[in-house]
Amino acid sequence: MRALIFYFSGTGNTKKVAELYAAALKAEGASVSLCELPVEPSAIKSVDVRDYDLIGIGYPIHSFNAPKIVLSLCKSLPKLAKTEHKIKTFIFKTSGEPVRMSDVSSLKMRALLRRRGYDAQNEYQYLMPYNIIFRHSAGMAGKMWQTAKALVPVDVAEILTGKKRLPKKLFMGGVLAWILRVEHWGAHVNGVFYRASKSKCIGCGLCERTCPVDNITLRKTEDGKTKVAFGGKCIMCVRCAFKCPTAAIDIGLFKSWKVNGEYELNAPEQNPVLTASGKHVNYCKKAYDKYFADAEKRINASRSLSV
C-alpha cells in the first residue's frame, strides 16, 4: 500500500500527529509520503494521486473550520472520473478542546473532496495543547500527547479495515461553520495589528523565515535596529508568536490570548490539570473528561482484540 499524507501545521501539533500516522502506516507495511502545506498549486498538480491507495489530510481547527490553505488543497487535487477507482481518503485534525462544535470543521472540506471524486469516510480529532487562548499545564499536554500516540494506531487499523467513522451531524452545523469561516478574512485584518516589541525583539528573523504565507518582513532602520512588519496575508496560525524566542510578538486584537514557547510533551507525568495555576481548571471539563474516557475505551478495546 502507498499512502500520501497532506497536512498543515501552525505550531507543530498537527505535524506531530501526521508523523504518528506515518509511523503507524509503516508498521502496517505501507510506504508513506508526507507533504507539508502550503505548497505551490503546481506542485500539488504534479503529484499523481492515482499512484496512491490512501490519502490523508490533516489540519489544526481554526474557528471550527479547516484553514483556508487546506481548503485550497482540496480544490487543487486532480479530479477523479466517476469510472476511476475511488481512493480511500481520511481526515485528521487537532484542537485544544474537544467540544461538539469541532464536529462541523470538515463539512466544507468533505464537500470539496466529494466534488473532486474523493469520499472521506473517516475523520478523527486529537487533543493537543493550546497555542492560543491559554497555556495548558505540562501534565495536561503530556496526557494529550500520550493519548494521541496510543490512539493513532487504533484509528489507522480502523481505516485499513474499512470501518467508517465520521462525526455525528450537528443541527445547523453547516450554517454555523459557514458563519465562522469569517475567520479566513478576519485573520488578514487582525494580522495587520500584529506587533513586535522593540525592546524584546532580537532581530533573529525566525518569524520571517517560518511564516507559512510570507506575511512578515524584517528590515534595518537608520539607527541599526530591526523593524518587523506584518502584512495582510496572516492566517492566524500564531507560529510567529508561539515560537518567538523572546516572546516579542503580540497577536493583534487577541494579544491577551498569546501563548509562547514549546511544550515538553514527554515530561514526567504530573497532575493533568488544564493550567499550572488552575485558573482554567473547569474549562470544558466535561468535554475533556469525555474525550479521554472515550479514547481509553477505544484503546483498551483494541488491545483486547490483539491479545
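Procedures and definitions
Residues numbered from 1 in each chain as written. Predicted model: local features only at pLDDT ≥ 70, side-chain atom pairs only at ≥ 80, totals over all residues. Heavy atoms only, no water. Helix = DSSP H or I, 4+ residues; strand = E, 2+ residues; numbered from the N terminus. Rg over C-alpha atoms; globule rule 2.2 N^0.38 Å. Contact = heavy atoms within 4.5 Å. Areas by Shrake-Rupley, 256 points an atom, 1.4 Å probe, with all protein chains shown as cover. Lys, Arg positive; Asp, Glu negative; His and termini not counted. Charge placed at Lys NZ, Arg CZ, Asp CG, Glu CD. Expected span 1.5 Å × (residues − 1). Buried < 20%, exposed > 50% of the residue type's maximum accessible area, 1.4 Å probe, protein only. Pairing = 2+ DSSP bridges. Axes fitted to C-alpha atoms, helices over the stretch in contact; angles between N-to-C directions. Phe/Tyr/Trp six-rings, centres within 6.5 Å; stacked < 30°, edge-to-face > 60°. Lys NZ or Arg CZ within 6 Å of the ring centre and 35° of its normal. Core = buried A, V, L, I, M, F, W, Y, C linked by side-chain atoms within 4.5 Å. Patch = residues over 30% accessible without salt bridge, like charges linked within 9 Å, V, L, I, M, F, W, Y side chains within 5 Å. Salt bridge = Lys/Arg side-chain N within 4 Å of Asp/Glu carboxyl O.

Quick look at the overall build of the protein
Item 1. Tallying secondary structure elements over the protein gives 10 helices and 9 strands in all.
Item 2. At 20 Å, the protein has a C-alpha radius of gyration in line with the 19 Å of a compact globule built from 307 residues.
Item 3. Within the protein, counting contacts between residues at least 6 apart in sequence, those at least 24 apart form 79% of the total.
Item 4. In the structure as shown, the protein presents an accessible area of about 15,600 Å², 56% of it carried by carbon and sulfur atoms.
Item 5. When the 48 basic and 26 acidic side-chain charges of the protein are each reduced to a single mean position, those positions are 5 Å apart.

Description of helix α1 (residues 13-27)
Item 1. Here α1 is 15 residues long and its end C-alpha atoms lie 21 Å apart, about the 21 Å a rise of 1.5 Å per residue gives.
Item 2. Of the positions making up α1, those classed as buried are Asn 13, Thr 14, Val 17, Ala 18, Leu 20, Tyr 21, Ala 22, Ala 24 and Leu 25.
Item 3. Just downstream of α1, Gly 29 is the residue with a positive phi angle, here 95°.

So, the sheet that holds strand β2 (residues 31-36)
Item 1. With parallel pairing, the 5 strands of this open sheet are ordered in space as β2-β1-β3-β4-β5. With one partner strand each, in any of the chains shown, β2 and β5 (120-127) form the two edges of the open sheet. Sheet twist, expressed as the average angle between the axes of neighbouring strands with direction ignored, equals 20°.
Item 2. As defined by bridge partners, strand β1 (residues 2-7) adjoins β2 across 6 bridges and the pair is classed as parallel. Residue pairing for β2: Ile 5 is matched across the bridge by Leu 34.
Item 3. Along the sheet, helix α5 (residues 138-161) contacts β3 (54-60), β4 (88-95) and β5; its crossing angle with β5, the most-contacted strand, is approximately 170°.

Let's talk about the packing of aromatic side chains
Item 1. What the rule picks out here adds up to 11 aromatic pairs.
Item 2. Ring geometry for Tyr 291 versus Phe 292: centroids 5.3 Å apart, planes at 75°, classification edge-to-face. Accessibility assignment for this pair places Tyr 291 and Phe 292 in one class, buried.
Item 3. Aromatic ring contacts, followed pair by pair, group Tyr 21, Phe 90, Phe 92 and Tyr 126 into a single cluster.
Item 4. Against the face of Tyr 263 rests Arg 135, its NZ or CZ located 4.2 Å from the ring centre.
Item 5. Looking at Lys 143, its charged tip hangs above the ring of Phe 292, at a distance of 4.3 Å from the centre.

Examining the environment of Asp 48
Item 1. Its location among the elements puts Asp 48 in the loop between α2 (41-45) and β3.
Item 2. Along the backbone, Asp 48 and Gly 58 are 10 residues apart, and their C-alpha atoms lie at a distance of 19 Å.

Focus on the nonpolar core
Item 1. Grouped together as the largest cluster of nonpolar side chains are 47 residues, with contacts concentrated most on Met 109, Leu 113 and Tyr 194.
Item 2. For this core, the secondary structure elements donating two or more residues are β1, β3, α3 (68-76), α4 (107-116), β8 (226-230) and α9 (239-243).
Item 3. Residue contributions to this core peak at 5 residues, all from α3.
Item 4. With residues up to four places along the chain from it excluded, the contact list for Met 109 reads Ile 57, Tyr 59, Ala 66, Val 70, Leu 71, Cys 74 and Ile 91.
Item 5. Core analysis: the second largest hydrophobic core is formed by 40 residues, Tyr 126, Met 144, Leu 265 and Tyr 291 among them.

Re unusual backbone geometry
Trans is the prevailing form of peptide bonds, just as negative phi is the prevailing case for residues other than glycine.
Item 1. Here the bond from Leu 37 into Pro 38 is cis, since omega is 0°, no more than 30 degrees from zero.
Item 2. Locating Pro 38 in the fold gives a position in the loop between β2 and α2.
Item 3. At Ser 63, a position not held by glycine, the phi torsion is positive, near 50°.
Item 4. Mapped onto the secondary structure, Ser 63 falls in the loop between β3 and α3.
Item 5. Classification of Ser 63 by relative accessible area gives partly exposed; the value is 30%.
Item 6. Unlike most non-glycine residues, Met 236 shows phi in positive territory, near 60°.
Item 7. Inspection of the secondary structure assignment puts Met 236 in the loop between β8 and α9.

Quick look at a nonpolar patch on the surface
Item 1. A cluster of nonpolar side chains, namely Val 182, Trp 185, Val 189, Val 192, Phe 193, Leu 253, Phe 254 and Trp 257, defines an oily patch on the protein surface of about 780 Å² accessible area.
Item 2. Topologically, Trp 257 is positioned in the loop between β9 (249-250) and α10 (285-306).
Item 3. For Trp 257, a relative accessible area of 37% translates into the label partly exposed.

Function cannot be inferred from these measures alone, as they are strictly geometric.
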